[in-house]
Amino acid sequence: MYNKQELMDLFRERALKFGDFTLASGKKASYYLDGKQVTLHARGLSLVSHGFLDHLDPNIDAVGGMSIGADPIVAGILSAAADKQSDLLGFLVRKESKGHGTNKFVEGPVQPGMKVAIVEDVVTTGGSSLLAIERVQEFGCEVKQVLSIIDRMEGGANRFRELGFDFQSLLTIEDFGITPPEAS
Ligand SMILES: O=P(O)(O)OC[C@H]1O[C@H](OP(=O)(O)OP(=O)(O)O)[C@H](O)[C@@H]1O
Ligand SMILES: O=C(O)c1cc(=O)[nH]c(=O)[nH]1
């Protein structure tokens, strides 16, 4: 079951690093959350998966997100959903096309017309999830929700909400006593 304090403790112990970092958006930061230290940890993935399932709209047919951050999360949610007799589906969105085989950006049993939720480990500007959303919409799915483990509170949440997506995060950077910069 989901336990916010336990998830926070795991992030603080394993994933939160201080230093000079360049982020996916090109922004500079004095801290970094290495989400995979938690999503590739048995208890961490279980907490995240149950937390996301608690927030998942019951009308959602499939969950997916941008590789590779979303990959373990999608698998964890499906495994937790199976324990509840759910027939939820998953998908992965490639950052780059493979250039061979089916050449698809969206992998998995999801079908055009399905209602989907995008999952993320960390949202900063939201750019990575927005690219995943664009690719899933081009494929023909209806994106209803965006769920993230942590919101760094640097603009992503506002972008999702302005575009009409229901955005929720399990944690924000304020849970770690860090004050976000002015969201751009
Ligand atoms: O909200 P944004 O400004 O887009 O930043 C957050 C993104 O950055 C990280 O991915 P990264 O690009 O490091 O790739 P990875 O998951 O493949 O490691 C993270 O997993 C998010 O996808
Ligand atoms: O913005 C990012 O690229 C980013 C920030 C962060 O704290 N963790 C992460 O995986 N990506």
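Within any chain, residue numbers begin from 1 and follow the written order of that chain's sequence. Going through the entries in the order they are written, you letter the chains from A and number the ligands from 1. Selection of residues for local features in this predicted model requires a pLDDT of at least 70, selection of side-chain atom pairs for listing and counting requires 80 or more, and totals for whole chains, interfaces and linings are taken over all residues. Hydrogen atoms and water are omitted, and side-chain values are computed over all heavy atoms in the structure.

Re the sheet that holds strand 8 (residues 166–172)
Here is step 1 of the chain: Spatial ordering of the open sheet is given by 5-4-3-6-7-8, a layout of six strands whose pairing is mixed. What marks the edges here is a single partner per strand, and that holds for strand 5 (106–107) and strand 8.
Here is step 2 of the chain: The criterion for strand pairing is that DSSP finds at least two bridges linking the strands in question. A run of H or I in DSSP counts as a helix once it spans at least four residues, and a run of E counts as a strand once it spans at least two, with each numbered from the N terminus. Relative to strand 5, strand 4 (residues 89–93) runs antiparallel, the two being bridged by two bridges. Considered in strand 5, the bridge of Val93 is made with Val106.
Here is step 3 of the chain: Contacts are assigned to residue pairs with any non-hydrogen atoms lying within 4.5 Å of each other. Here an axis means a line fitted to C-alpha atoms, over the contact stretch when the element is a helix, while the angle between two N-to-C directions is reported on a 0 to 180 degree scale. Contacts between helix 4 (residues 71–82) and the sheet are confined to strand 3 (62–66), strand 4, strand 6 (115–123) and strand 7 (142–151), with strand 4 contributing the most and set at about 175° to the helix.

Re the site of ligand 1
Here is step 1 of the chain: For ligand 1, the set of nearby residues contains 17 residues, the closest of which are Glu120, Asp121, Thr125, Gly126 and Ser128.
Here is step 2 of the chain: By the criterion applied in these results, polar contacts are pairs of N or O atoms within 3.5 Å in which, for protein atoms, one can donate a hydrogen and the other can accept it, and in which residues neighboring in sequence qualify only through two side-chain atoms. With respect to ligand 1, the side chain of Asp121 contributes an N or O atom lying 2.6 Å from an oxygen atom.
Here is step 3 of the chain: Between Gly127 and ligand 1, the recorded distance is 3.4 Å, taken from a backbone N or O atom to an oxygen atom.
Here is step 4 of the chain: When ligand 1 is considered free in solution it has 510 Å² of accessible area, and contact with the protein chains removes 81% of it.
Here is step 5 of the chain: Where the shell around ligand 1 is concerned, the elements lending two or more residues are strand 6 and helix 5 (127–139).
Here is step 6 of the chain: Here the shell around ligand 1 takes four residues from strand 6, the largest share from any one element.
Here is step 7 of the chain: Looking at the shell around ligand 1, its residues break down into five nonpolar, eight polar and four charged. Residues are counted as near a molecule or strand when any one of their heavy atoms sits within 4 Å of it. A 1.4 Å probe and the Shrake-Rupley method give the accessible areas. Residues count as covered only by the protein chains that appear here. Polar here means any residue outside two lists: the nonpolar Ala, Val, Leu, Ile, Met, Phe, Trp, Tyr, Cys and Pro, and the charged Asp, Glu, Lys and Arg; Gly therefore counts as polar.

What about the site of ligand 2?
Here is step 1 of the chain: Near ligand 2 you find Leu23, Ala24, Tyr32, Leu33, Val122, Thr124 and Arg152, and these make up its full shell.
Here is step 2 of the chain: Taking Thr124, its side chain carries an N or O atom lying 2.6 Å from an oxygen atom of ligand 2.
Here is step 3 of the chain: A distance of 2.7 Å is found between an oxygen atom of ligand 2 and a side-chain nitrogen or oxygen belonging to Arg152.
Here is step 4 of the chain: Across the complex, the protein chains shield 89% of the 290 Å² of accessible surface that ligand 2 would expose by itself.
Here is step 5 of the chain: Grouping the constituent residues of the shell around ligand 2 by class yields five nonpolar, one polar and one charged.

With respect to the pattern of salt bridges
Here is step 1 of the chain: The rule for a salt bridge is simple: a side-chain nitrogen of Lys or Arg has to be within 4 Å of a carboxyl oxygen of Asp or Glu. A full pass over the atoms with the stated rule returns seven salt bridges.
Here is step 2 of the chain: Here Lys27 and Glu154 are joined by a salt bridge, their closest N and O atoms 2.9 Å apart. Residue Lys27 is found in the loop between strand 1 (16–22) and strand 2 (28–33), and its partner Glu154 is found in the loop between strand 7 and helix 6 (156–162); the two are separated by 127 residues along the sequence.
Here is step 3 of the chain: When its relative accessible area of 25% is taken as the criterion, Lys27 is described as partly exposed.
Here is step 4 of the chain: Exposed residues in this analysis have more than 50% of their type's maximum accessible area, buried residues have under 20%, and partly exposed residues fall in between, with area computed by a 1.4 Å probe over protein chains only. We classify Glu154 as buried; its relative accessible area is 5%.
Here is step 5 of the chain: For Lys104, the salt bridge is made with Glu107, and the minimal N-O distance between the two is 3.9 Å.
Here is step 6 of the chain: Each of Lys27, Arg152 and Glu154 takes part in salt bridges that share partners, so that together they form one network.

Structural notes on the UniProt feature "binding site: orotate" (unreviewed entry) in the protein
Here is step 1 of the chain: UniProt positions are given in the numbering used here, feature names are shortened, and annotations may be inferred rather than shown by experiment. Mapped onto this numbering, the UniProt entry gives "binding site: orotate" (unreviewed entry) at Thr124 and Arg152. Over a stretch of 29 residues, the named residues converge on one spot in the fold, their C-alpha atoms separated by at most 5.3 Å.
Here is step 2 of the chain: For Thr124, the position within the fold is in the loop between strand 6 and helix 5.
Here is step 3 of the chain: The class of Thr124 is buried, set by a relative accessible area of 14%.
Here is step 4 of the chain: Excluding residues that lie within four positions of it along the chain, Thr124 makes contacts with Leu23, Arg152, Glu154, Gly155 and Gly156.
Here is step 5 of the chain: Looking at the secondary structure, you find Arg152 in the loop between strand 7 and helix 6.
Here is step 6 of the chain: Excluding residues that lie within four positions of it along the chain, Arg152 makes contacts with Leu23, Ala29, Tyr31, Tyr32, Leu33, Val122, Val123, Thr124, Ile173 and Pro180.
Here is step 7 of the chain: Within the structure, Arg152 has its side chain in polar contact with the backbone oxygen of Tyr31 (distance 3.1 Å).

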